[in-house]
Amino acid sequence: MLDPDRFHQERSAAGKLLALGKDAAVAQDLLKLFFEQSGKDELYATALTLEGLNDRRVIPILIRALLEDSNPHRRHAAARALGWIRPSNRAAARALAQCLVDPSQPQPAREEAAESLAYAGTRETIDALISVLKDPDVRLRFWAVFGLGGSCRGEPRAVQALESVLVDGETPPGNWWPVGKEALAMLANLPTLRDRYKPILAAERHRIQSDPNATDEDRRWAEFYG
């Protein structure tokens, strides 16, 4: 479980087996390792292991790491785990929203917080996600769209915000696609709006796939949401 060279799913499985044996120190041992490590990749792998262990008792400690730790990689890793531990926790959601809107936070931690809010977000965190849709950094706008799409539950103000960025044609670094295309996919995925936006999404996918001059970014989007 504590071997950083092993894949995180294997480590989580080992942790769950130890917990079945009534080993109360499983989560504490992982947290101890989490605060001993300093590198980006090793911290993220241990965060994934904690996430897989799914022990909600670690949430308050991860919240402090997210908001207070001096290591930016540890903040980033904590943002990941806080979004995926189930059932989701309101305190975790509030901490993720606080991280997202704080410009002093490391950029990767803010992006991860936006993504995690897709899974842990509540009605309380919608406004934080909406506020980031006007950020000059396309990475934050992209993941805020994803976070809203996953957590807004059709709230009118969130729908309006998603519609407002349909014209955003900027693409974040990596194998992604324009912010506006992501917003269209999120709107088409909302149960209350499927009848309206599913045909629009299908028509846009067909247009892209039929266009020999379509950009690689648009083609990635059309394939992913196909």
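Structure's up top.
Residues numbered from 1 in each chain as written. Predicted model: local features only at pLDDT ≥ 70, side-chain atom pairs only at ≥ 80, totals over all residues. Heavy atoms only, no water.

Colleague: Can you break down unusual backbone geometry residue by residue, with the values?
Modeller: Cis geometry is adopted by the peptide bond preceding Pro87, which originates at Arg86 and carries an omega value of -5 degrees. Among the secondary structure elements, Pro87 is positioned in the loop between helix H5 (72-84) and helix H6 (90-100). Although it is not a glycine, Asn54 sits at a positive phi angle of roughly 60 degrees. Positionally, Asn54 belongs in the loop between helix H3 (40-53) and helix H4 (59-68). One non-glycine residue with positive phi stands out, namely Arg153, at about 55 degrees. Examined against the element boundaries, Arg153 turns out to sit in the loop between helix H9 (138-151) and helix H10 (156-164). (Helix = DSSP H or I, 4+ residues; strand = E, 2+ residues; numbered from the N terminus.)

Colleague: Report on the side chain of Asp135, specifying residues and quantitative values.
Modeller: Positionally, Asp135 belongs in the loop between helix H8 (126-132) and H9. Taking relative accessible area as the criterion, Asp135 reaches 19% and is therefore assigned buried. Looking at Asp135, its side chain comes within polar contact range of the main-chain nitrogen of Asp137, at 2.8 Å. Residues in contact with Asp135, not counting those within four places in the same chain, are Arg110, Leu140 and Arg141. (Buried < 20%, exposed > 50% of the residue type's maximum accessible area, 1.4 Å probe, protein only. Polar contact = N/O pair within 3.5 Å; in protein donor to acceptor, adjacent residues only side chain to side chain. Contact = heavy atoms within 4.5 Å.)

Colleague: I'd like a description of helix H1 (residues 8-20), backed by residues and values.
Modeller: With 13 residues, H1 extends 18 Å from end C-alpha to end C-alpha; this agrees with the ideal 18 Å at 1.5 Å per step. Among the residues making up H1, those that are buried are His8, Arg11, Ser12 and Gly15. Axial view of H1: buried residues confined to an arc of 100 degrees, hence all on one face. Of the exposed residues in H1, the ones pointing more than 90 degrees away from its buried face are Gln9, Leu17 and Leu20. At its buried positions, H1 is contacted by helix H2 (26-36) and H3. (Expected span 1.5 Å × (residues − 1). Arc of directions from axis to C-beta.)

Colleague: So, the side chain of Asn71: which residues are in play, and what are the values?
Modeller: Within the secondary structure layout, Asn71 lies in the loop between H4 and H5. According to the relative accessible area criterion, Asn71 is buried, its value standing at 12%. At 3.1 Å, the side chain of Asn71 and the backbone oxygen of Ser38 are in polar contact. Setting aside anything within four residues of it in sequence, one finds Asn71 in contact with Ser38 and Leu43.

Colleague: Report on the environment of Ser70, specifying residues and quantitative values.
Modeller: Relative to the elements of secondary structure, Ser70 occurs in the loop between H4 and H5. In this structure, the C-alpha to C-alpha distance between Ser70 and Ala188, residues 118 residues apart in sequence, is 40 Å.

Colleague: Explain the nonpolar core to me, using residue names and the numbers behind them.
Modeller: If you look at the biggest cluster of nonpolar residues, it comprises 70 residues, and the most contacted ones within it are Phe34, Leu62 and Leu148. Broken down by element, the residue count for this core peaks at 8 residues, all from H9. (Core = buried A, V, L, I, M, F, W, Y, C linked by side-chain atoms within 4.5 Å.)

Colleague: Describe the environment of Ala144, listing the residues and the values that go with them.
Modeller: Within the element layout of this structure, Ala144 appears in helix H9. Linking Ala144 and Ala118, residues 26 residues apart in sequence, is a C-alpha distance of 8.6 Å. Setting aside residues up to four positions removed in sequence, Ala144 forms contacts with Ala114, Leu129, Val132 and Leu133.

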